[in-house]
Amino acid sequence: MKKRIANILALPQTGEQLQIAGWVRTRRDASGFSFIEVGDGSCLANIQVIADQTLANYGEEVKKLSAGCSVLVTGILQDSPAKGQAVELRATEVQVLGWADPESYPLQKKHHSFEFLRNISHLRPRTNALGAVARVRSRLSYGVHTFFQERGFVQVHTPIITTSDCEGAGEMFQVTTPSAASGAEAGGEFFGRPAGLTVSGQLQAEVYAQALGNVYTFGPTFRAENSNTSRHLAEFWMVEPEMAFCDLQGNMQVAEEMLKYLLRLVLAECGEDLALFDRFIAKGLLAKLQQVVDHDFAHITYTQAVEQLLQSGQTFTYPVQWGIDLQSEHERYLTETVYQRPLIVTDYPAAIKPFYMRVSDDGRTVAAMDILVPGIGEIIGGSQREERYDVLLARMQEAGIEPSGYEWYLDLRRYGSVPHSGFGLGFERLVQFVTGMANIREVIPFPRTPGFAPC
RNA sequence: UCCCCGGUAGCUCAGCUGGUAGAGCAGGUGACUGUUAAUCACCCUGUCGGCGGUUCGAAUCCGUCCCGGGGAGCCA
């Protein structure tokens, strides 16, 4: 019976006859038989196969197996007499499904730089670290859905192609057809007006929040920024809940609960993979994650943040002054040095935030919140939305946005407007935080960055 | 886009102040071995990122372009 290695190792039943299918990691020969380590991606661990010379294809095939070959192994699970593994599979048949020429197969049984692996993105999930990232990412993704579904949120598939720019969220990729672009098509635009790939599902999520209450969207997002950093991608995934009848306090509460829920989840269910990261990628990772789960997030207002930075005695490249946007160095200092845990900064100056954020009673700040985490910086950005028609309209005009393109958005304030809030979580930044991977390009299967999209 | 650093064998890298290349791993062959980053011996591997310049001579110095990494900006 064909079984996955994760299931075999979770509940080993020696004496059982079973079959595994996977890829050879290494082969070591002893006198009269070979050890073959086979992994199938179901977990980090491989299973050791004992292939005896009595196998019909031992000399012809088994002895020629090398890293990357795919095999179907039938055998009997038995206790292992040697250290390193509790059980091993004594093969009665080793069927080679696909060869991998050792002269040209790029993956070796040694450390490879992530930079090198990135250039073979079609093969890199076969490595321990990238395979572990893929499993953790998948578990987190599923966890996002269970977190919201358990709380009665409705998932909304917001559009990927959009004609409304979520102002302030970055440059949009244009979407058109070859004939439209060349002007051959009547009207010049496939959609009748300029369209692009979404930079945020927020505005459309607001529509459904004001019909269904609590909703979330979780999908791909695109930014045509020429930014080349370890924290930015041109295509990434974003989690965006939007909640009607919810103020900034409730918003922050959901965000903190969600992050802790997801960390608890992977700590409980991805222990083996996280242990790998803790050992080889980011020492102390497990303790750091546990510490986040066990403590409340720190809360300060933007104004307090500015005061603390001014009083810190630190010299910053960018001088601190009320009204400036906090720079990376400022955010890092606060979350990594002062608080050493996730930090929520609220109530930013209205002048540096987008038009849709709710203006506070002081008239100069908005009900915004950023969650900063050590090592990554901003992982969540959110706000209470401006629900007052007049104020929203004024803010749009201040920002130089033509209201005619946003009539549908203004309608939400004309008809049964309610206080509501939401936030955006950069999913890859979450995966980065959880795995400790230094570069965001390693936590998405096929990273897209300026000048890079190989397949 | 800006600043800094880098591009040498399939991979990871060394190569000091200029004298036309090395190691480990991988690969091949053989030996040995309940092995597990196996071990030992032998063998193979290079337009030193591209182009131009200085020089008797350039991997090394200069210019320029391309690519990558780190940081910044922008943000998630």
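Computed from a prediction, not measured in an experiment: that's the story for all the values here. (Residues numbered from 1 in each chain as written. Chains lettered and ligands numbered in written order. Predicted model: local features only at pLDDT ≥ 70, side-chain atom pairs only at ≥ 80, totals over all residues. Heavy atoms only, no water.)

Q: Just checking my understanding: could you explain the pairing of strand β2 (residues 33-39) for this structure?
A: Looking along a regular strand, one sees the side chains alternate between the two faces of the sheet. Here strand β1 (residues 17-30) pairs with β2 via seven bridges, running antiparallel. For arginine 27, the partnering residue across the bridge sits in β2 and is isoleucine 36. Between β1 and the antiparallel strand that follows it, β2, lie two residues; glycine 32 among them carries a positive phi value of about 90°. Examined bridge by bridge, β2 and strand β3 (residues 47-52) share six bridges and lie antiparallel to one another. (Pairing = 2+ DSSP bridges. Helix = DSSP H or I, 4+ residues; strand = E, 2+ residues; numbered from the N terminus.)

Q: Could you clarify how one ought to interpret the environment of valine 144 in this entry?
A: Positionally, valine 144 belongs in helix α3 (residues 128-150). When the C-alpha atoms of valine 144 and phenylalanine 427 are compared, they prove to be 9.6 Å apart, with 283 residues separating the residues in sequence. Once you skip the residues sitting within four places of it in the chain, valine 144 turns out to touch Phe218, Val239, Leu262 and Phe427. (Contact = heavy atoms within 4.5 Å.)

Q: Looking at this structure, I do not really get the sheet that holds strand β5 (residues 87-98). What am I missing?
A: Backbone hydrogen bonds hold the strands of a sheet together, and the pairing may be parallel or antiparallel. Ordered by their spatial adjacency, five strands build a closed barrel running β1-β2-β3-β5-β4, and the pairing between neighbours is mixed. Averaged over all neighbouring strand pairs, the angle between strand axes comes to 55°, with direction disregarded. Pairing of β3 with β5, which is carried by two bridges, proceeds in the parallel orientation. By the bridge assignment, isoleucine 50 is partnered in β5 with arginine 90. (Axes fitted to C-alpha atoms, helices over the stretch in contact; angles between N-to-C directions.)

Q: What is the right way to look at the protein's contact with RNA strand B in this model?
A: Lining the immediate surroundings of RNA strand B are 54 residues, of which Lys83, Glu88, Lys109, Glu115 and Arg429 lie closest. When atoms of RNA strand B within 4 Å of the protein are sorted by moiety, sugar and phosphate together comprise 52%. A distance of 3.5 Å separates a base oxygen of RNA strand B from a polar backbone atom of alanine 30. The contact in question runs from a phosphate oxygen of RNA strand B to an N or O atom on the side chain of glutamate 378, over 3.2 Å. For the surface near RNA strand B, the per-class residue count stands at 15 nonpolar, 20 polar and 19 charged. (Near = heavy atom within 4 Å. Polar contact = N/O pair within 3.5 Å; in protein donor to acceptor, adjacent residues only side chain to side chain. Nonpolar A, V, L, I, M, F, W, Y, C, P; charged D, E, K, R; others polar.)

Q: Hey, could you run me through the sheet that holds strand β16 (residues 420-426) in this one?
A: Strands sit in the order β6-β10-β11-β16-β15-β14-β13-β12 across an open sheet of eight strands; the sheet is mixed. Looking at the sheet topology across the chains shown, the edges are occupied by β6 (154-155) and β12 (298-301). As judged from the five bridges shared by strand β15 (residues 377-384) and β16, these two strands associate in the antiparallel manner. Paired with isoleucine 380 across the two strands is leucine 425, which belongs to β16. Taken strand by strand, α3 contacts β6, β10 (214-222) and β11 (235-244), and its axis lies near 150° from that of β10. Contacts from helix α10 (residues 328-338) reach β12, β13 (343-349), β14 (365-373) and β15 within the one sheet, and its direction differs from that of β14 by about 60°.

Q: Any chance you could explain the environment of methionine 172 here in plain terms?
A: Structurally, methionine 172 is set in the loop between β7 (161-162) and β8 (174-175). Excluding anything up to four places from it in sequence, methionine 172 contacts Thr162, Asp165, Gly196, Leu197, Val199 and Ala224.

Q: Looking at this structure, how should I read the packing of aromatic side chains?
A: Scanning the entire structure with this criterion turns up 15 aromatic pairs. Pairing phenylalanine 355 with tyrosine 406 gives two aromatic rings, centres 5.9 Å apart and planes at 70°, and the pair type is edge-to-face. A residue pair is termed long-range when its members are at least 10 positions apart, and phenylalanine 355 in the loop between β13 and β14 and tyrosine 406 in the loop between α11 (389-398) and α12 (407-414) qualify at 51 residues. With relative accessibility at 7%, the residue tyrosine 406 sits in the buried group. By the ring-pair criterion, three or more aromatic residues cluster together here, those being Phe147, Phe148, Phe153, Tyr216 and Tyr261. A cation sits over an aromatic face here: arginine 364 above tryptophan 322, 4.0 Å from the ring centre. Directly above the aromatic system of tyrosine 409 lies the positively charged group of arginine 413, at a separation of 4.1 Å from the ring centroid. (Phe/Tyr/Trp six-rings, centres within 6.5 Å; stacked < 30°, edge-to-face > 60°. Buried < 20%, exposed > 50% of the residue type's maximum accessible area, 1.4 Å probe, protein only. Lys NZ or Arg CZ within 6 Å of the ring centre and 35° of its normal.)

Q: For this particular structure, what's the right way to read the pattern of salt bridges?
A: Opposite charge on two side chains permits them to pair, given that their charged atoms come into close proximity. Per the stated rule, a full pass over the model turns up 22 salt bridges. Linking arginine 151 and glutamate 150 is a salt bridge whose minimum nitrogen-to-oxygen distance equals 3.8 Å. Residue arginine 151 is classed as partly exposed on the basis of its relative accessible area, which comes to 35%. The salt bridge partner of arginine 413 is glutamate 206, with a shortest N-O separation of 2.8 Å. A residue pair is termed long-range when its members are at least 10 positions apart, and arginine 413 in helix α12 and glutamate 206 in helix α5 (residues 202-212) qualify at 207 residues. Using a relative accessible area of 5% as the deciding quantity, one classes arginine 413 as buried. Residue glutamate 206 is classed as buried on the basis of its relative accessible area, which comes to 0%. Through salt bridges with shared partners, one network takes in Arg27, Asp29 and Lys63. (Salt bridge = Lys/Arg side-chain N within 4 Å of Asp/Glu carboxyl O.)

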